[in-house]
Amino acid sequence: SPPSSVGNCEDGSRSVGGENKVEMNWDELGFGLVPTDYMYVMKCAKGDKFSQGSLIPYGNIELSPSAGILNYGQGIFEGLKAYRTEDGRILLFRPEENAKRMKEGADRMCMPSPSIDLFINAVKQTVLANKRWLPPPGRGSLYIRPLLMGTGAVLGLAPAPEYTFVSFCSPVGNYHKGSLNIKVEDKLYRAISGSAGTGGIKSVTNYAPVYSAITEAKANGFSDVLFLDSASGKYIEEASSCNVFILKGNVISTPVIDGTILPGITRKSIIEIATDLGYQVKERAISVEEMLAADEMFCTGTAVVVNPVVSVTYKKTRVEYKAGAETLSGKLRKTLVGIQTGSVEDKKSWTVQI
Ligand code: COI
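Residues numbered from 1 in each chain as written. Predicted model: local features only at pLDDT ≥ 70, side-chain atom pairs only at ≥ 80, totals over all residues.

## Let's talk about the overall build of the chain
Along the backbone of the chain there are 7 helices and 17 strands. When its C-alpha atoms are laid out on the principal axes, the chain stretches across 60 × 55 × 40 Å. The buried share among the 354 residues of the chain stands at 44%. Long-range contacts, defined here as pairs at least 24 residues apart, represent 70% of the contacts in the chain between residues at least 6 apart. (Helix = DSSP H or I, 4+ residues; strand = E, 2+ residues; numbered from the N terminus. Buried ≥ 20, exposed ≤ 12 C-beta atoms within 10 Å, placed from the backbone. Contact = placed C-beta atoms within 7 Å.)

Shown next as structure tokens:
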């Protein structure tokens, strides 16, 4: 574990994990990067295994211009949150799931990945070293971003000879400002069908290609875009930063995971929470028409948590959904956040205290 001495020392030197107060207005937190004190780094050569890394001051990293990540996009990332509880503990939410998903993504992108234990240790160390950036209970969370990339130099198309894992963090509040008005994107697709694509992993290459659709949607007053399947253009898949669910009657449905949709950890947790609350939850193909006829719609993700969708626009059709505290998504959010922040009993041992 990192040394426990205090933040900025009088002689100007810095040590790890201090609780020196930070100048932050926690109530103004959104989802923008707030640089913190430390990041955790591990390196490994192609064909080798990652071993223990170390904490270094947060800052820029040096890369060869021919690094695999820069030229050929050989990189994946994760996202998870740490929360302070009212009784002074710090909790991570299902970090093992992130470690497993990173391994699946690394296998797909021909990269070595840290073991589950190394991954969780890196995340814990990142949080402990930056503890003073963890918002007070109920005022936000510390978002941890583990990143795995080919940093060795390549020119021909091939897996990089060296890999770097970096875990950094930032205090965050809500991902979306205000209500979620979604535009269904009917020209640009996020992923190609089946496991041949990379839609089912958190590859860095999945994200920048949707910037044009998001930028256009935002310019027209929408908060996010929802992508359709590229094979038929008839079924909903996911939004740019989160999974989606609909409610019709007493049945909850969410698009089935089949290689084009990110297997969200919040998605998986919400399926379990809703099932335990007595709802029928179906993972299946959902047509645009069904979505437009739903009673409620909501998004789930680490960054977005659980967020009600107030409207969806598909071509010239706009529908509005029920929103507010009385909705299913309000109930699900309350339970999930309660578990994450230690105020609802964690019967499934999802949280990890650090
Ligand atoms: C997350 O929810 O953790 C993500 O990685 C989504 C990202 C676009 C912020």
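## A look at the site of the ligand
Lining the immediate environment of the ligand, one finds G79, S241, G301, T302 and A303. A per-class count over the shell around the ligand returns 1 nonpolar, 4 polar and no charged. (Near = placed C-beta within 6 Å. Nonpolar A, V, L, I, M, F, W, Y, C, P; charged D, E, K, R; others polar.)

## Things to note about the pairing of strand β11 (residues 243-248)
The element β11 is largely enclosed, with a buried count of 5 among its 6 residues. Judged from the 5 bridges that link them, β11 and strand β14 (residues 296-301) form a sheet pairing that is antiparallel. Across the sheet, residue L247 finds its bridge partner in β14, namely E296. Two elements, β11 and strand β12 (residues 251-255), share 3 bridges in a ladder whose sense is antiparallel. Each residue of the ladder has a partner; that of L247, found in β12, is I252. Linkage of β11 to β12, two consecutive antiparallel strands, is achieved through a turn of 2 residues, within which G249 is found at a positive phi near 65 degrees. (Pairing = 2+ DSSP bridges.)

## Thoughts on the nonpolar core
Residues I182, V225, L226, I270, M297, C299 and V309 are the most contacted members of the largest nonpolar core, which totals 43 residues. The residues touching I270, leaving out its near neighbours within four places in the chain, are F245, T300, V306, L332 and L336. Judged by nonpolar contacts, the second largest core, of 42 residues, contains I76, M109, V123 and L147. (Core = buried A, V, L, I, M, F, W, Y, C linked by C-beta atoms within 7 Å.)

## A short note on the pairing of β12
With 4 of its 5 residues buried, β12 lies for the most part within the structure. For β12 and strand β13 (residues 280-284), the ladder comprises 5 bridges, and the chain directions are parallel. Along β13, the bridge assignment pairs T254 with E283. Tracing the backbone out of β12, into helix α5 (residues 265-276) and back to the parallel element β13 gives a crossover that is right-handed. (Right-handed = clockwise from strand over helix to strand, strands pointing away.)

## Describing the environment of S195
Looking at the secondary structure, you find S195 in the loop between β8 (180-185) and α4 (211-219). S195 gets classed as exposed once you count the C-beta atoms within 10 Å, which come to 12. Taking C-alpha positions, S195 is 39 Å from T85, a pair spaced 110 residues apart along the chain. When near neighbours in sequence (up to four residues on either side) are disregarded, S195 contacts G200 and G259.

## What to know about the packing of α5 against helix α7 (residues 328-340)
Running from N to C, α5 and α7 point in directions that differ by 110 degrees, and their axes come no closer than 10 Å. By the angle class used here, α5 and α7 are roughly perpendicular. In terms of crossing hand, the pair formed by α5 and α7 is right-handed. Residues S269, I270, I273 and A274 of α5 lie in contact with α7, whose contacting residues are L332, T335 and L336. Considered class by class, the residues forming the contact of α5 with α7 number 5 nonpolar, 2 polar and no charged. (Axes fitted to C-alpha atoms, helices over the stretch in contact; angles between N-to-C directions. Parallel < 35°, antiparallel > 145°, perpendicular 65-115°, else oblique. Left-handed = near helix turned anticlockwise from the far one by under 90°.)

## A word on the confidence of the model for the chain
When pLDDT is averaged across the chain, the result is 93; 95% of the residues are at 70 or more. In the model, residues 1-14 has pLDDT below 50 throughout and makes 25 contacts with residues more than four positions away in sequence or in other chains. Complex prediction metrics read pTM 0.93 and ipTM 0.98. (pLDDT = per-residue confidence, 0-100.)

## With respect to the environment of I201
Here I201 shows up in the loop between β8 and α4. Between the C-alpha atom of I201 and that of I261, which follows or precedes it by 60 residues, the distance is 8.1 Å. Other than its neighbours up to four places away in sequence, I201 contacts I76, E104, G105 and R108.

## A look at unusual backbone geometry
Most of the time, phi is negative for any residue but glycine, and the peptide bond is trans. Phi at R94 takes a positive value of approximately 50 degrees, unusual for a residue other than glycine. Relative to the assigned elements, R94 resides in the loop between β5 (90-93) and α2 (95-108). The class of R94 is buried, set by 21 C-beta atoms lying within 10 Å. Phi is positive for K315, which is not a glycine, with a value near 50 degrees.

## Things to note about the packing of α2 against helix α3 (residues 116-129)
Packing of α2 against α3 brings their axes to within 9 Å, and their N-to-C directions diverge by 125 degrees. It follows that α2 is oblique to α3 by the angle criterion. You can see that α2 and α3 cross each other, and the crossing is right-handed. In this structure, α2 uses P95, E96, A99, K100 and M102 to contact α3, whose residues at the interface are I116, F119, I120 and V123. Residue classes in the contact of α2 with α3 are distributed as 7 nonpolar, no polar and 2 charged.

## Section: α5
Compared with an ideal rise of 1.5 Å per residue, which puts 12 residues at 16 Å, α5 spans 17 Å between its outermost C-alpha atoms and is within 8% of the ideal. Residues I265, T266, R267, S269, I270, I271, I273 and A274 constitute the buried set of α5. G278 sits one or two positions beyond α5 and adopts a positive phi of about 100 degrees. (Expected span 1.5 Å × (residues − 1).)

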